[in-house]
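# Structural overview
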Amino acid sequence: KKRVVSGVQPTGLVHLGNYLGAIKNWVSLQDLYETLFFIVDLHAITLPYDAPQLSKATRSTAAIYLACGIDSSKASIFVQSHVRAHIELMWLLSSSTPIGWLNRMIQFKEKSRKAGDENVGVALLTYPVLMASDILLYQSDLVPVGEDQTQHLELTREIAERANNLYGGRKWKKMGGRGGSLFKVPEALIPPAGARVMSLTDGLSKMSKSAPSDQSRINLLDPKDVRTYLEFDNPERPECSNLLSIYQIITGKTKEEVISECQDMNWGTFKTTLTDALIDHLQPIQVRYEEIMSDPGYLDNVLLEGAGKATEIADITLNNVYQAMGFLRR
Ligand code: TYM
C-alpha cells in the first residue's frame, strides 16, 4: 500500500482553504492508502506566536481533523512534536541542504518580509527541512497539499535525492544497509479544484490564516450568522470564479452543472445559494467538533495511539539514516 502523509499548522483557525486544499481530500485517501496526518506544532513556532495558546490550538486542529471525517481506525493522527524523530532527522538533513536552496523559498521570502528582521528566527529559514523530514521519515509516496506547498515539495524531493546520492548508494550497502534507497522520493498530490482558495476580500491573494482581516476568510467553525460578507457588486472581480469553485466542491457538482445552475443568478441570489450550501456542509462538522472537544480523554487517546504507530515507522528510517551517515551506534 502506498503511504500518504500531510499536516496543518496549529496557527489561527482552520479555514476553508485548508479544508478544500487539504483536509477534505485526506478523507478519501484514508480508504485507499496507509495514511498519517499530523498537526505540525513545531512549524507553528517559526513566527512569533502565543505560547499559552499553542496546546489549545493543537487539540482544536486535531479535533477538526476528526470532525471532518479523518478516522483514527484508518489513519494515524498525531502531533508532530510527540514523535521526536522529526527533529532528529531535520538536523541530519540540514547538513546536506545548501542554504541557497532555502533562501530561494517563496514562503520564506514572503514571511520574512512581512515579519521584519527582528522577528525572523533561524527556524523560519530551515522550516522546509523540517517539512522534508516530516515526509521522508515515513518513506511517503504521496503528499496531499494545496498549491502553495508545491515549492516545498519540490525541495523535499531534492533533499531526498541529494541524501540518497551522498549516503544511500553502494557505500551504505557496504555498511550493512538494507536494499533500496535511503529515502523514497515523494510526490505532491494537488487537488484539481480547491488547491488555491482565494481571499474573500482580495481575489488576487490566497485565503490565509495570517491575513489581518477576518472578513477575508471563512473559518470552518464560524457560526452561521457570521457569513454575511459574501457581498459582490462587480461581477468582473476575480473573487467570482473562486466562489463558484467553492460552491462546486462543497456541493459535489460538476463545473458544467454549476455554470448552468448559476449563470443567470444575480449576486444576491448566488450569495444565498452559496451560504446555504456552506451551512449544510459545515454544520455536521461543527456538531461533531463540539462532541469531540467535550471528550478530552478520547482525543488524547487518539493522539497517543497515532504517535505510537508513527514512531515505529519513523524510528526505522531514522536508524537507517544514522547508520548510513556513519554514526557510531549504541
Ligand atoms: P498550512 O498550515 O499553511 O496549510 C495547511 C494546508 O492547507 C493548504 N492551504 C490552502 N489550500 C488551498 N487554498 C488556500 N487558500 C490554502 N491555504 C492553505 C496548504 O497547502 C496545506 O496543504 N508547511 C505546511 C504544513 C506542513 C506539511 C508537512 C504539509 C508541515 N509539514 C508535511 C505536508 C507534509 C503548512 O504550513 O501548511
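Residues numbered from 1 in each chain as written. Predicted model: local features only at pLDDT ≥ 70, side-chain atom pairs only at ≥ 80, totals over all residues.

## Thoughts on the overall build of the chain
In terms of regular secondary structure, the chain is built from twelve helices and five strands. For the chain, the proportion of its 330 residues judged to be buried stands at 37%. If you take every contact in the chain between residues at least 6 apart in sequence, the share linking residues at least 24 apart comes to 79%. (Helix = DSSP H or I, 4+ residues; strand = E, 2+ residues; numbered from the N terminus. Buried ≥ 20, exposed ≤ 12 C-beta atoms within 10 Å, placed from the backbone. Contact = placed C-beta atoms within 7 Å.)

## Let's talk about the pairing of strand 1 (residues 3-8)
Most of strand 1 sits out of view: five of its six residues are buried. Alignment of strand 1 against strand 2 (residues 34-39), held across six bridges, turns out to be parallel. Residue pairing in the sheet places valine 4 in a bridge with threonine 35 of strand 2. Of the crossover connections in this fold, the one passing from strand 1 over helix 1 (residues 16-29) to the parallel strand 2 is right-handed. (Pairing = 2+ DSSP bridges. Right-handed = clockwise from strand over helix to strand, strands pointing away.)

## Considerations on the packing of helix 2 (residues 51-67) against helix 11 (residues 267-293)
Helix-helix packing is characterised by the crossing angle of the two axes and by the distance between the axes. In the contact formed by helix 2 and helix 11, the axes pass within 8 Å of each other and the chain directions differ by 130°. Comparing their axes, helix 11 and helix 2 come out oblique. Where helix 2 crosses over helix 11, the handedness of that crossing is right-handed. Listed contacts from helix 11 to Ala63, Ile64, Leu66 and Ala67 of helix 2 are Ile285, Arg288, Tyr289, Ile292 and Met293. Per-class residue counts for the contact of helix 2 with helix 11 are eight nonpolar, no polar and one charged. (Axes fitted to C-alpha atoms, helices over the stretch in contact; angles between N-to-C directions. Parallel < 35°, antiparallel > 145°, perpendicular 65-115°, else oblique. Left-handed = near helix turned anticlockwise from the far one by under 90°. Nonpolar A, V, L, I, M, F, W, Y, C, P; charged D, E, K, R; others polar.)

## Description of the site of the ligand
In the neighbourhood of the ligand, 26 residues make up the surrounding shell, with Gln9, Gly17, Gly21, Val145 and Gly146 lying closest. Every element with two or more residues in the shell around the ligand is listed here: strand 1, helix 1 and helix 6 (122-136). A total of five residues in the shell around the ligand trace back to one element, the largest contributor, which is helix 1. Across the shell around the ligand, the residue classes break down as twelve nonpolar, ten polar and four charged. (Near = placed C-beta within 6 Å.)

## Some details on the environment of isoleucine 77
Tracing the chain through its elements places isoleucine 77 in strand 3 (residues 75-79). C-alpha of isoleucine 77 to C-alpha of glycine 252: the two residues are 175 residues apart in sequence and 26 Å apart in space.

## Concerning the domain arrangement of the chain
Under the domain assignment, the chain is made up of domain 1 (3-194 + 295-324) and domain 2 (214-291). With centres defined by C-alpha atoms, the gap from domain 1 to domain 2 works out at 30 Å. Listed by partner, the interface residues are 13 residues for domain 1 and 13 residues for domain 2. Elements supplying a minimum of two residues to the side of domain 1 that touches domain 2: helix 1 and helix 2. Its residues placed into classes, the side of domain 1 that touches domain 2 shows ten nonpolar, two polar and one charged. (Domains from an automatic or database assignment.)

## Re the packing of helix 6 against helix 7 (residues 150-167)
Relative to each other, helix 6 and helix 7 sit at 70°, their axes nearing to 9 Å. As the angle between them shows, helix 6 and helix 7 are arranged roughly perpendicular. Between helix 6, through Pro128, Val129, Met131, Ala132, Ile135 and Leu136, and helix 7, the contact on the second element is made entirely by His152, Leu155, Thr156, Ile159 and Ala160. In the contact of helix 6 with helix 7, the residues fall into nine nonpolar, two polar and no charged.

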